[in-house]
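Given next are the chains, with one letter for each unit.
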Amino acid sequence: MRKNQRKVDQAKVRQRKLTSFRMNFLFFSIFVLFSLLIFRLGYLQIVKGEDYKTELERKEEIAVNTSVPRGRIFDRSGHLLVDNEPRNAITYTKTTSTTSEEMLKTAKKLAELIDKPTNRITLGDKKDFWILLHPKKALKKVTEKELLAIQNDESLTKKEAQQQITKMTRERITDKELDSFTDRELEILAIYREMMSGYAYTPQVVKSEDVTDGEFATVSEQLASLPGVNTTTDWERVKMSDSAILGTTTSPLEGIPKSDLDYFLARGYSRNDRVGKSYIERYYEDLLKGQKTVVKNIKDRTGKVVETKTVREGEPGKDLMLTLDTELQSHLEKIVEDNLLKAKRMGGSQFLDRAFLVMMDPNTGEVLSMVGKRIVKDKETGKLTVQDYTFGTFSTSYEVGSTVKLATMLTGYKYNAIRLGETKIDEPIFVGKQRKASLFNQNSRVAVNDVEALGRSSNVYMFKIAMSIANYNYVKGGNLKIDFDAFTKMRDGYASFGLGTKTGIDLPGEVSGSSPEPNRKEPGKLLDLAIGQYDTYTPLQLAQYVSTVANGGYRIAPHVLKAVYEPSPDGKEFGALLKQKDPLVLNRIDNTPEEIERVKKGMHYTYYQPKGTAYNLFKGEEFDAAGKTGTAQAGYYEGDDRSLWGTQTVSVTHVGFAPYDNPEIAYSVIVPHVSTYKNPPHPNNDIAQAAVKEYFALKKKRAEAEIFSTETPTIQKPSDEKSEADKKE
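Residues numbered from 1 in each chain as written. Predicted model: local features only at pLDDT ≥ 70, side-chain atom pairs only at ≥ 80, totals over all residues. Heavy atoms only, no water.

**A word on unusual backbone geometry**
Next up, step 1: Of note, the bond from A658 into P659 is cis; its omega dihedral lies within 30 degrees of zero at -10°.
Next up, step 2: The phi dihedral of S457 is positive, around 65°, even though this residue is not glycine.
Next up, step 3: With respect to the helices, strands and loops of the structure, S457 is situated in the loop between α17 (450-455) and α18 (459-469).
Next up, step 4: For S457, a relative accessible area of 11% corresponds to the buried category.
Next up, step 5: At N616, a position not held by glycine, the phi torsion is positive, near 75°. (Helix = DSSP H or I, 4+ residues; strand = E, 2+ residues; numbered from the N terminus. Buried < 20%, exposed > 50% of the residue type's maximum accessible area, 1.4 Å probe, protein only.)

**Here we look at the nonpolar core**
Next up, step 1: Of all hydrophobic cores here, the largest spans 59 residues; its most connected members are M409, M462, L526 and V599.
Next up, step 2: Broken down by element, this core gets its largest block of residues, 8 residues, from α18.
Next up, step 3: Not counting residues within four places of it along the chain, the set of residues in contact with M409 comprises I418, D450, A453, L454, Y461, M462, I465 and V599.
Next up, step 4: A343, F623, I665 and Y695 belong to the second-largest nonpolar core, a separate cluster that totals 33 residues. (Core = buried A, V, L, I, M, F, W, Y, C linked by side-chain atoms within 4.5 Å. Contact = heavy atoms within 4.5 Å.)

**What about the confidence of the model for the chain?**
Fine structural detail should not be taken from predicted coordinates in areas where pLDDT scores are low.
Next up, step 1: For the chain, per-residue confidence averages 87 on the pLDDT scale, and residues scoring 70 or more make up 88% of the total.
Next up, step 2: Looking at the elements of the chain, mean pLDDT is at its lowest for helix α24 (residues 720-728), recorded as 41, and at its highest for helix α21 (residues 539-550), recorded as 98.
Next up, step 3: For the stretch residues 721-729, pLDDT sits under 50, and the model shows 8 contacts to residues farther than four places along the chain or on other chains. (pLDDT = per-residue confidence, 0-100.)

**Notes on the pattern of salt bridges**
Next up, step 1: Using the criterion set out here, one finds 36 salt bridges in the structure.
Next up, step 2: Notably, a salt bridge pairs R87 with D234, separated by 3.9 Å at the nearest N-O pair. With a gap of 147 residues between them, R87 in strand β3 (residues 80-92) and D234 in strand β5 (residues 229-239) connect regions that are remote in the sequence.
Next up, step 3: A residue is classified by how much of its surface remains accessible, and R87, at 18% relative accessible area, is buried. (Salt bridge = Lys/Arg side-chain N within 4 Å of Asp/Glu carboxyl O.)

**A word on the packing of helix α14 (residues 326-344) against helix α23 (residues 683-705)**
Next up, step 1: Where α14 contacts α23, the axes come no closer than 10 Å and their chain directions differ by 155°. As judged from the angle between their axes, α14 and α23 are roughly antiparallel. The chirality of how α14 crosses α23 is right-handed. Contacts between α14 and α23 involve E327, L328, H331, L332, I335, V336, N339 and A343 from the first element and P683, D686, I687, A690, A691, E694, Y695, L698, K701 and R702 from the second.
Next up, step 2: For the contact of α14 with α23, the per-class residue count stands at 11 nonpolar, 2 polar and 5 charged. (Axes fitted to C-alpha atoms, helices over the stretch in contact; angles between N-to-C directions. Parallel < 35°, antiparallel > 145°, perpendicular 65-115°, else oblique. Left-handed = near helix turned anticlockwise from the far one by under 90°. Nonpolar A, V, L, I, M, F, W, Y, C, P; charged D, E, K, R; others polar.)

**Here we look at the pairing of strand β21 (residues 648-658)**
Within a regular strand, the side chains alternate between the two sheet faces.
Next up, step 1: The buried fraction of β21 amounts to 10 of the 11 residues, a majority that puts the element mostly inside the structure.
Next up, step 2: Summarising the sheet, β21 and strand β22 (residues 665-675) pair through 8 bridges and their orientation is antiparallel. Bridge pairing in β22 places A658 opposite I665.
Next up, step 3: Linking β21 to β22, which pair antiparallel, is a turn of 6 residues. (Pairing = 2+ DSSP bridges.)

**Considering the packing of aromatic side chains**
Next up, step 1: Applying the stated rule across the entire model yields 21 aromatic pairs.
Next up, step 2: Centre to centre, the rings of Y565 and F574 are 4.8 Å apart; their planes meet at 40°, and the pair counts as tilted.
Next up, step 3: By relative accessible area, which is 9% here, F574 ends up buried.
Next up, step 4: Taken together, the ring pairs in this structure connect Y279, F356, Y389, F391, F394 and Y398 into an aromatic cluster. (Phe/Tyr/Trp six-rings, centres within 6.5 Å; stacked < 30°, edge-to-face > 60°.)

**Some details on helix α19 (residues 485-495)**
Next up, step 1: For α19, every residue scored as buried is listed here: A486, F487, M490, R491, G493 and Y494. Projected down its long axis, α19 shows its buried positions confined to an angular sector of 155°, all on one face.
Next up, step 2: Of the surrounding secondary structure, the elements contacted by the buried residues of α19 are α16 (405-414), α18 and α20 (525-530). (Arc of directions from axis to C-beta.)

**Observations regarding the side chain of T396**
Next up, step 1: Tracing the backbone shows T396 in the loop between α15 (392-395) and α16.
Next up, step 2: Using a relative accessible area of 13% as the deciding quantity, one classes T396 as buried.
Next up, step 3: For T396, the side chain forms a polar contact with the main-chain oxygen of G392, separated by 2.6 Å.
Next up, step 4: In this structure the side chain of T396 is engaged in a polar contact, spanning 2.8 Å, whose partner is the side chain of Y398.
Next up, step 5: Sequence-distant contacts of T396, defined by excluding residues within four places in its chain, comprise F356, Y389, V511, Y537, T538 and P539. (Polar contact = N/O pair within 3.5 Å; in protein donor to acceptor, adjacent residues only side chain to side chain.)

**Thoughts on the environment of L454**
Next up, step 1: Mapping L454 onto the fold places it in helix α17.
Next up, step 2: When its relative accessible area of 1% is taken as the criterion, L454 is described as buried.

**Brief notes about the side chain of N449**
Next up, step 1: Following the sequence through the fold, N449 ends up in strand β15 (residues 446-449).
Next up, step 2: Within the local environment of N449, its side chain forms a polar contact with the backbone nitrogen of E452, the two atoms lying 2.8 Å apart.

**Focus: the environment of T653**
Next up, step 1: Checked against the element boundaries, T653 lands in strand β21.
Next up, step 2: In this structure the C-alpha to C-alpha distance between T653 and L542, which are 111 residues apart in sequence, comes to 9.4 Å.
Next up, step 3: Not counting the four nearest positions on each side in its chain, T653 is found in contact with V400, T403, K628, T629, G630, V669, I670 and N684.

Structure below.
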């Protein structure tokens, strides 16, 4: 009996111990769990609190398109080139909870207050609108049997199934049904489609063109009954200059181009934002676009926005001052246009349709003027008219003839193909059965040194340099056996000046020209390369190239941006200076100062020695200049009329700088396909002469008037010259 009792007592003791252990374990587990919970809460609040707060704000703070004005664009003296013109606008902003029925109701009310053009309505818009207006009829477009087949198709997701049903419905809407819309319904649709096209919380322009004062006032008075609608000020981009390189922007109706949609959306843009489409407007989009207003939407439990707070006010875009001189540009455009038309009236000019002039500061890379003019036939009148073709100065390339000889000479010095002051015999040379000679010496033997070779434009001197670089000793009538690495050596030498490579200008669309792969059966092409009748270069490359010679051997990237300013506080003075564009040296050529100076003397010979190819061009002027002329006889027409491709033409070119001792400007001129005659006219020289004289005449006029102080210029109206031109138009 006692034994049994003892066993019972022991069992009870074990039970109590087990229970006590379980309770202790339970309390310990609870303690650990609470500790982990407290630790986790502390971690979330202390360590990650700011991150979650930022994430929350990111979801609640929304950048909205408040039609912030883009930055304005000025020339180097403060003349306004691109401005913003305010205009009335009516906008609509939907929320995430806005239904299509609510938008349709608002569109109907708005259609009673404004006139909305219907020309932007598409066929797809009509189909979607018909479905919205006739939901019961739309359901009957797809039979029950077809619905069941689609719904039972396990290969389709629910979303894909609905898309297929919608597609079938749209396809079965008849033309008669689409033509049943009344004029009023079409106007409602035109408004509704604009409302639908925007993002939630982003104002979408419903109408901004030709909004009358009456429409603006009427809508403003009834905003309380038009949820989401607002009246505001929009901005229209206005150009004061016809220069194409200023670029263009999209309108709010165009929005972001489809080709760039992903790029801009990834940078916080909305689909209906206006963006730069070309050239300066596009290249400097980040500076010009401005800063949108950022608002914080306060929502209730249903997600409805009950309050909107402004977190950051919007700011206009930055103002850009360009390096371009509007007054100089206007005069040079007239010079190029007049000479182009004059040359067009001469015989053999059937392929002539364009001319280019670039003028820049060789020491800084600032582009003072870029002129491109193109003759086109007016489709309506059939008459020839001249259009701006400025972008052709860096987006088209041509064979440039003897202007390349400066680079040939300096490359020859580099590879010890010639020595400073070396004399060579200019004489007709014979490569196999082919005869090659200089224009000034077709039959005799003339001794010329390096300076004279440039000034008189000796082809043979350059041929002998090229043959020396190619390790070939000339034998009259012998086959030209060259080291084809000479092509690479010469092209590398040219590229160090900027020929055959992109200049680095701050504009999109630049090309590098063409450098055909040499055919080993045509070694004579090396000789053509040496005189500029093989590879092609842009007018801008020529300007950078001659600038490199003028400034002592430094290849500087040309640029059109001079400075960036905060928006003007009063419209009269520029805002605070944010950035000054500094010269960007890309490389220095591998030549000594003595070699560069020797080439400069050859260019000076061109203008001032009786046998120079442009002798007397600047005779009697107060300034001293240096230059080089060029004629490319291997140019083949590749213009708009493809049936005429391959017709041989002659192009003429010109490069130079002034003053000789302290260069302020470097310039290049190309007139492609000027003639089919072997002895063409030379508008290239006339353009260069008139342009340089105009620069110094304008400089003198400004000095006498004490224009352009060292202080920041004030904002000026568009130049008088441009205004007069507008009046004539």
